[in-house]
Amino acid sequence: MNKKEVRFFDDKLDIIIKEALPATSSTPEKERTERLEVQDIEEETKQLNEENDVQKTDDSDDDLIIELRRSIKTVEVMGRIIKNRAGSLEKEKLEIIFQKAMNVHFRILTSFFDAIENEEAEVIDFISDRINKVIEEKEAQRTAEGKKIVTLKSDELERLSRAIFWNMNFFFIYNLINKIVHSIGSNKLTEIVKTVCDKEDTPASFLVKHGILMWYNKNLQVDNIVSKINNDGFSETAKKIMKFMVVNHCSMHSVDFKQKDKIGKKLGISSQKLIKQKVHNKKIQRTV
């Protein structure tokens, strides 16, 4: 995830959703409750879909999907091994397993970059077609109800489809980094994580290291992060993912106003209150 590898992605960051620190009214308890509610809904939806869908076997999937599933499951197993045997396995073996597991996901990430760079136009066309179908269904319904029809111009449709495409891509990358953090991270492996990630010394390994430190050690090293992401080789995409990870940490842990303000200024992250105020001001300006 250095500048050279994801230069094409860095150019699209202006249409990616803006990161924002949680408002003062937000609490970790409230955030956890809301996330659990969303998780419950997702699990119920998944269960319903599985019950309604015709049973599928791996034979119906292509080879790439089968290999991806196997790879992800293998990494999860490797993660369980090093977490459960952190005190009994030799340090060298723990480092090797951690590195191999992490690099499996990094290879998936590299393949993903290659795919979206080469197939952007095709996927955006697909998204536009799907949106058009939804609009047509809504138009038919509104016409039947005698309501005003709302349509999108072709340029508006293209902008919307492009925004959806790049935001989906960004959050796939963000979630994949978090998948690594949770699959192989543990507070029992702190020294192993630091050793391997520092040896790899890439933006991606830096994200994994600090993701694990934040989630499992509740250790947010703001100055270290600021120093590293301002390095010439750190891509804007990796910087943005790091900022989202910091925002997630602040949402899930008790961070007072002064700390949030300090974090925001050092990393260039606005607060939700500030962003809402900016949006409100723009609306007023349009009205005037």
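How each quantity is defined
- Residues numbered from 1 in each chain as written.
- Predicted model: local features only at pLDDT ≥ 70, side-chain atom pairs only at ≥ 80, totals over all residues.
- Heavy atoms only, no water.
- Core = buried A, V, L, I, M, F, W, Y, C linked by side-chain atoms within 4.5 Å.
- Buried < 20%, exposed > 50% of the residue type's maximum accessible area, 1.4 Å probe, protein only.
- Contact = heavy atoms within 4.5 Å.
- Axes fitted to C-alpha atoms, helices over the stretch in contact; angles between N-to-C directions.
- Helix = DSSP H or I, 4+ residues; strand = E, 2+ residues; numbered from the N terminus.
- Parallel < 35°, antiparallel > 145°, perpendicular 65-115°, else oblique.
- Left-handed = near helix turned anticlockwise from the far one by under 90°.
- Nonpolar A, V, L, I, M, F, W, Y, C, P; charged D, E, K, R; others polar.
- Salt bridge = Lys/Arg side-chain N within 4 Å of Asp/Glu carboxyl O.
- pLDDT = per-residue confidence, 0-100.
- Polar contact = N/O pair within 3.5 Å; in protein donor to acceptor, adjacent residues only side chain to side chain.
- Patch = residues over 30% accessible without salt bridge, like charges linked within 9 Å, V, L, I, M, F, W, Y side chains within 5 Å.
- Areas by Shrake-Rupley, 256 points an atom, 1.4 Å probe, with all protein chains shown as cover.
- Lys, Arg positive; Asp, Glu negative; His and termini not counted.
- Charge placed at Lys NZ, Arg CZ, Asp CG, Glu CD.

**Observations regarding the nonpolar core**
Formed by 66 residues in total, the largest nonpolar core has its most connected members in Met1, Phe9, Phe98, Met102, Phe113, Met242 and Val246. Setting aside residues no more than four positions away along its own chain, Met1 makes contact with Val6, Leu109, Phe113, Ile173, Pro203, Ala204, Leu207, Ser235, Thr237, Ala238 and Ile241.

**A few points about the packing of helix H4 (residues 91-118) against helix H8 (residues 203-217)**
It is at 11 Å that the axes of H4 and H8 come closest, and there the two elements cross at 120°. One finds that H4 runs oblique with respect to H8. In the packing of H4 onto H8, the handedness of the crossing is right-handed. Facing H4, whose interface residues are Phe98, Met102 and Phe106, H8 presents Ala204, Ser205, Val208 and Ile212. In terms of residue class, the contact of H4 with H8 is built from six nonpolar, one polar and no charged.

**Describing the pattern of salt bridges**
Evaluation of the coordinates by the stated rule reveals twelve salt bridges. Arg162 serves as the salt-bridge partner of Glu120, at 2.7 Å between the closest nitrogen and oxygen. In this pair, Glu120 sits in helix H5 (residues 120-144) while Arg162 sits in helix H6 (residues 154-184), placing the two residues 42 residues apart along the sequence. In this structure, Arg159 and Asp155 form a salt bridge, with 3.7 Å as the shortest nitrogen-oxygen distance. Of the two residues, Arg159 and Asp155 are both situated in helix H6; the distance of four residues between them amounts to about one turn of the helix. Judged by relative accessible area, Arg159 falls into the exposed class, the value being 52%. Bridged by salt links that share partners, the residues Glu120, Glu158 and Arg162 form one connected network.

**Remarks on the confidence of the model for the protein**
Chain-level statistics for the protein give a pLDDT mean of 85 and a share of 88% at 70 or above. Confidence drops under pLDDT 50 across residues 274-288; counting only partners more than four residues distant or on other chains, this segment forms five contacts.

**Focus on the environment of Thr190**
Residue position: Thr190 is located in helix H7 (residues 190-200). At a separation of 3.0 Å, a polar atom in the side chain of Thr190 contacts the main-chain carbonyl oxygen of Asn187.

**With respect to unusual backbone geometry**
Among all residues except glycine, the phi angle is most often negative; among peptide bonds, the trans geometry is most common. The residue Asp201 is not glycine, and still its phi comes out positive at about 50°. With respect to the helices and strands, Asp201 occurs in the loop between H7 and H8. At Lys218, a residue that is not glycine, the phi angle is positive and equals roughly 50°. Looking at the secondary structure, you find Lys218 in the loop between H8 and helix H9 (222-229). Note on Lys218: relative accessible area 58%, which makes it exposed.

**Overview of a negative patch on the surface**
A grouping of Glu34, Glu37, Asp40, Glu42, Glu43 and Glu44 is seen on the molecular surface, where their side chains present a negatively charged patch. With respect to the helices and strands, Glu37 occurs in helix H2 (residues 28-52). Relative accessible area serves as the criterion here: at 46%, Glu37 is assigned to the partly exposed category.

**A short note on the packing of H7 against H8**
Between H7 and H8, the least distance of the axes is 8 Å, while the angle of their chain directions is 160°. Regarding the angle of H7 to H8, the classification is roughly antiparallel. The interaxial crossing formed by H7 with H8 has left-handed handedness. On H8, the residues touching Thr190, Val193, Lys194, Cys197, Asp198 and Glu200 of H7 are Ser205, Val208, Lys209, Ile212, Leu213 and Asn217. Within the contact of H7 with H8, the residues separate by chemical class into five nonpolar, three polar and four charged.

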